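Examination of the molecular architecture
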Amino acid sequence: MADPLLRAANLLARKVGLHVEPAARGRLSRSLQEVAGERGVDVPALVAALPTDDSALQELLDVVTVQESAFFRDQPQFDALAGHLLPVLDDPATVWSAGCANGQEAYSLAMVLAEAGRRDWQVIATDISQQALTRATTGRYSGRELRGLPPARLRRHCKPVGDGWEVDPALRQRVAVRRHNLARDPPPVAADASTVVFCRNVLIYLRREQVIALLERLAEWLPAGGVLFLGYAESLCHLTDRFELQRLGDAFVYRAAPAGDAVGARAPTRSAAPTPGPGATAPAATPAAAPETTVPGGATSVAQHLAAGEAASAAGDLTAAIAAFGQAVLLDPDQPVAHLHRGLLLEARGDRRDAHRAYASARAALRRSSTGVVEAVLEGFAASELEALLDAKLDELGG
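Numbers given to residues run from 1 along each chain, matching the order in which its sequence is written. Only residues with pLDDT of at least 70 are given local features in this predicted model, and only at 80 or more are side-chain atom pairs given and counted; all residues enter the totals for whole chains, interfaces and linings. Side-chain figures throughout are based on the complete set of non-hydrogen atoms in the structure, without hydrogens or water.

We now examine the pattern of salt bridges. When a carboxyl oxygen of Asp or Glu lies within 4 Å of a side-chain nitrogen of Lys or Arg, that pair is called a salt bridge. If you walk through the whole model with that rule in mind, you get 17 salt bridges. Measuring nitrogen to oxygen at the nearest pair gives 2.7 Å for the salt bridge that ties Arg140 to Glu166. Of the two residues, Arg140 is situated in strand E3 (residues 140–141) and Glu166 in strand E5 (residues 164–167); the sequence distance between them amounts to 26 residues. Buried, partly exposed and exposed residues are distinguished by accessible area as a fraction of the type maximum, computed with a 1.4 Å probe on protein chains only: under 20%, between the cut-offs, and over 50%, respectively. Judged by relative accessible area, which is 44%, Arg140 ranks as partly exposed. Lys159 is the partner of Glu166 in a salt bridge, and the nearest nitrogen-oxygen pair spans 3.8 Å. Classification of Lys159 by relative accessible area gives partly exposed; the value is 38%. Salt bridges sharing common partners tie together Arg140, Lys159, Glu166 and Arg172. Secondary structure elements follow DSSP: runs of H or I of four or more residues count as helices, runs of E of two or more count as strands, with numbering from the N terminus.

Written as structure tokens, this is what we have:
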């Protein structure tokens, strides 16, 4: 009989598309032990029951899934929604927060819609974790969970309750919280030209074939021009040609292409220049190929190279973008995000071996850097999410 941990991992992949990479097997093992202990059984007995016991499977999902969230995470995306999309969307405006976790993203979207003065709008908040959905429904958060919410918005949209805060009931009524399995279920609402999807930091937890199937369903469901927001450093490169990358202000979005008009999506990049963590040492940088030693525009600093990489990537010039990010990591090898972007672009170009090296360098840089420094660069995103993305990429490319 197969190892219980492997059987559980395979079951999660089959049932919900959850990709438990080897680096995350420790979390799965602890989750199995926790649920088994609560049920008064051993781990093999729990795993044996999972295929037919929906309640046991749900308990495991509640524990093993990452419910990391924050208000107004990646502010440029909310600015793009408010400044570029809402002014041109007809009523009713519908925004789907897919993988809403504990609800901070959904309520951030609701605040933007309410502040825009829209009368006919709704936010659909979905997740596979019932525990997360319960938190989202109540809309109650501790002070720590309110990070990212400006004081003015806190006072306007929330009220103190006990030792925490609660989202205003009038705002909560505009957010429909529903259980939804992105890997298997159809979209939870009818789409029209006023539909926007936030599906951020979800794809990295799904198996590649499940991601491709999900993107195909979204492309079929969204009307031409429908908008998809992805998470920091997530890319549709080599996954689908049904979406077109577009820049809105300081954010990147993917627009659904008209049927029969497939496009080549490119990886978005953003500037970031972290300071090396305390005690960091400079490792040998990933060797750059000869054509990558000159960066257009005469960039000389890390920030300039990163900006050049962003501009070149947005323009579709992968060679120049890879060169720019390569120069950035040569100047400062302790930048995990710069290594990551270089890896994404190399993978998009088909250089899997060099991409793997770049991801490995990013993983090593992440281990050397302090969590606080990395998360400051990630603008509210957790270092653990970058770690999960890198582990998934290394696993996918064979390392």
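Further remarks concern the sheet that holds strand E1 (residues 93–98). Judged by pairing direction, the sheet is mixed, and its seven strands sit side by side in the order E6-E2-E1-E7-E8-E10-E9 without closing on themselves. Looking along the sheet, the strands with just one partner apiece sit at the ends: strand E6 (175–179) and strand E9 (243–248). Ignoring strand direction, the axes of neighbouring strands in this sheet form an average angle of 25 degrees. The criterion for strand pairing is that DSSP finds at least two bridges linking the strands in question. Relative to strand E7 (residues 195–198), E1 runs parallel, the two sharing four bridges. Paired with Thr94 across the bridge in E7 is Thr195. Working convention: axes come from line fits to C-alpha atoms, limited for helices to the stretch in contact. Angles between N-to-C directions cover 0 to 180 degrees.

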